[in-house]
Amino acid sequence: MRRLGDNRPGARVVVFGMSRRILKLLAAFQRAPPLELDVVGVVADHVPADIAPRLDLAGALEMIEQGQVNHVLIESDTITQAELDRIRGLADQEGVSAHITSPIFPSTNLMPTW
């Protein structure tokens, strides 16, 4: 999160979509020193129980609207363009930082370095 300019302690993250790339990233979050990073949930059909709670799209969007989340991670391969636009629009409106993973440009994916 710090690499994205978010230095607030206790960052609360919601993830949209699940893939091997996201699983690796979330596992790295868990292995890292205390980050004060809380993955509050993942919006996907299948979410490993040891990673984070499974959320539905409406519930995750409501969390953003209510200020319960301060960062969004979006797996671009697993959601529709309409969902992506909706999530990005709401995040922008609510002042929530967002990161979109990219299979086309993998070097731009969020890599935990902390």
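Sequence order sets the numbering: in each chain, residues are counted from 1 along the sequence as written. The predicted origin of the model limits local features to residues at a pLDDT of at least 70 and limits the giving and counting of side-chain atom pairs to 80 or more, whereas totals for whole chains, interfaces and linings rest on all residues. Side-chain metrics rest on all non-hydrogen atoms present in the structure, leaving aside hydrogens and water.

So, helix H3 (residues 81–94)
Move 1: Here a helix means four or more residues in a row that DSSP labels H or I, a strand means two or more in a row labelled E, and each is numbered from the N terminus. What a helix is expected to span follows from its residue count: subtract one and scale by 1.5 Å. Over its 14 residues, H3 extends 20 Å from the first C-alpha to the last, a length consistent with the 20 Å expected when each residue adds 1.5 Å.
Move 2: We call two residues contacting when some pair of their heavy atoms lies within 4.5 Å. Contacts from the buried residues of H3 go to strand S1 (11–16), helix H2 (57–65), strand S4 (71–75) and strand S5 (97–101).
Move 3: Following H3 by one or two positions, Gly 95 has its phi on the positive side, about 75 degrees.

Section: the environment of Phe 29
Move 1: The topology assignment puts Phe 29 in helix H1 (residues 20–31).
Move 2: Given the relative accessible area of 8%, Phe 29 is considered buried.
Move 3: In the structure, Phe 29 is positioned 10 residues away from Val 39 in sequence and 9.0 Å away in space, judged by C-alpha atoms. Each residue's exposure class comes from its accessible area (1.4 Å probe, protein chains only) as a fraction of the maximum for that residue type: buried when under 20%, exposed when over 50%, partly exposed otherwise.

Here we look at the pairing of S1
Move 1: The buried fraction of S1 amounts to 5 of the 6 residues, a majority that puts the element mostly inside the structure.
Move 2: With 4 bridges joining them, S1 and S4 adopt parallel strand pairing. Its bridge partner being in S4, Val 13 is matched across the sheet by His 71. For two strands to be treated as a pair, DSSP must find no fewer than two bridges joining them.

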